[in-house]
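# Analysis of the macromolecular model
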Amino acid sequence: MNTDEVLPVLAGKMLGENAEKIMAYLAKRGEVTADEIVEKLGMEESEVRKILNALYENSLVKYRRMKGKDGKAAYKYYWRITDEEPIAILEARKRKTLAILRKVLAVEEGKSFYCPICGTYYTFDEAADLFFKCIKCDAVLEALENSEPVERLKRAIEVLENLDFEKAEVSKLKGNS
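A short tour of the structure in this document, coming up. (Residues numbered from 1 in each chain as written. Predicted model: local features only at pLDDT ≥ 70, side-chain atom pairs only at ≥ 80, totals over all residues. Heavy atoms only, no water.)

## Side note on the overall build of the chain
Put simply, the rule is: Every helix listed is a DSSP run of H or I at least four residues long, and every strand listed is a run of E at least two residues long, numbered separately from the N terminus. All radius of gyration figures rest on C-alpha atoms, and the globule criterion is 2.2 Å times the number of residues raised to 0.38. Only protein chains enter the calculation, and the probe is 1.4 Å; a residue is then buried if its accessible area is under 20% of its type maximum, exposed if over 50%, and partly exposed in between. Here a residue-residue contact requires only that any non-hydrogen atoms of the pair lie within 4.5 Å. Here the accessible surface of atoms and residues is derived via Shrake-Rupley with a 1.4 Å probe, and residues count as covered only by protein chains that are part of the display.
Secondary structure summary: the chain contains seven helices and six strands in total. Beginning at the N terminus, the succession of helices and strands in the chain can be written as α-α-β-α-α-β-β-α-β-β-α-β-α. Radius of gyration (C-alpha) of the chain: 23 Å, far over the 16 Å computed for a compact globule of 177 residues. By its C-alpha atoms, the chain is 70 × 45 × 25 Å across when sized along the principal axes. Within the chain, the proportion of its 177 residues that are buried is 31%. Considering only contacts in the chain between residues 6 or more positions apart, those separated by 24 or more positions represent 53%. When the accessible surface of the chain is totalled, it reaches about 11,600 Å², and 50% of it is carbon and sulfur.

Below, the structure is given as structure tokens:
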């Protein structure tokens with residue numbers, strides 16, 4: 001599978017069926033405007049622009065901005081598939097996901113008590129400083145049992161850390177849902 005085949009599939013997995021259609025069109029046509037995509041694929045202009053921006057945010061497309069005809073203030077954007085290799089895109093996404101999961105894990109591990117009335121969470125030190133009473137509603141705090149979500153987060157982090165896109169067959173993207 002070459003880059004022009006992998007990137008549309010990757011876009012579809014990340015952002016949905018219409019993103020895959022847009023990427024496939026870009027792969028076929030090269031550099032095009034959003035207006036051309038709207039016309040040729042029969043999608044709403046707002047949806048196409050939203051998807052193109054999401055594709056850009058995920059490093060799947062690039063754009064070139066040109067001033068409108070006759071020097072008008074309006075700009076035209078010409079979109080094309082990125083030059084980056086799919087593996088580099090996946091590795092960057094993996095790093096971002098790991099950073100988010102580690103932050104969530106740190107928060108979850110820090111939670112020790114919660115208020116059964118208002119749902120506010122407290123670390124052990126915070127709860128002890130408040131004599132195990134909620135600062136918002138004065139209810140007695142209860143110990144939080146969050147070992148299951150913490151373990152799930154740890155497993156997810158471990159799986160991602162051990163994931164090697166170089167060794168994995170990127171062509172498997174096409175067959176996995």
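## Some points on the packing of aromatic side chains
To be explicit about the condition: In summary, the pairing rule links any two rings of Phe, Tyr or Trp, Trp by its six-membered ring, whose centres are within 6.5 Å, and it sorts them by plane angle into stacked for under 30 degrees, edge-to-face for over 60 and tilted for everything else. Only lysine NZ and arginine CZ atoms are considered, and such an atom sits over a ring when it is within 6 Å of the ring centre and within 35 degrees of the ring normal.
The full count for this structure, using the stated rule, is seven aromatic pairs. Measuring from centroid to centroid gives 5.3 Å for Tyr63 and Tyr77, while their planes differ by 65°, and the two rings are edge-to-face. On the criterion of sequence distance, the pair formed by Tyr63 in strand β2 (residues 61-67) and Tyr77 in strand β3 (residues 75-81) is long-range, its members being 14 residues apart. With a relative accessible area of 38%, Tyr63 lands in the partly exposed category. Between Phe113 and Phe124, the aromatic rings sit 6.1 Å apart at their centres with planes inclined by 40°, giving tilted as the arrangement. Placement of Phe113 in strand β4 (residues 113-114) and of Phe124 in helix α6 (residues 124-129) is noted, with a sequence separation of eleven residues between them. Over the ring of Tyr75 we find Arg65; its NZ or CZ atom is 4.0 Å from the centre of that ring. Over the aromatic face of Tyr121 sits the side chain of Lys111, whose NZ or CZ is 4.1 Å from the ring centroid.

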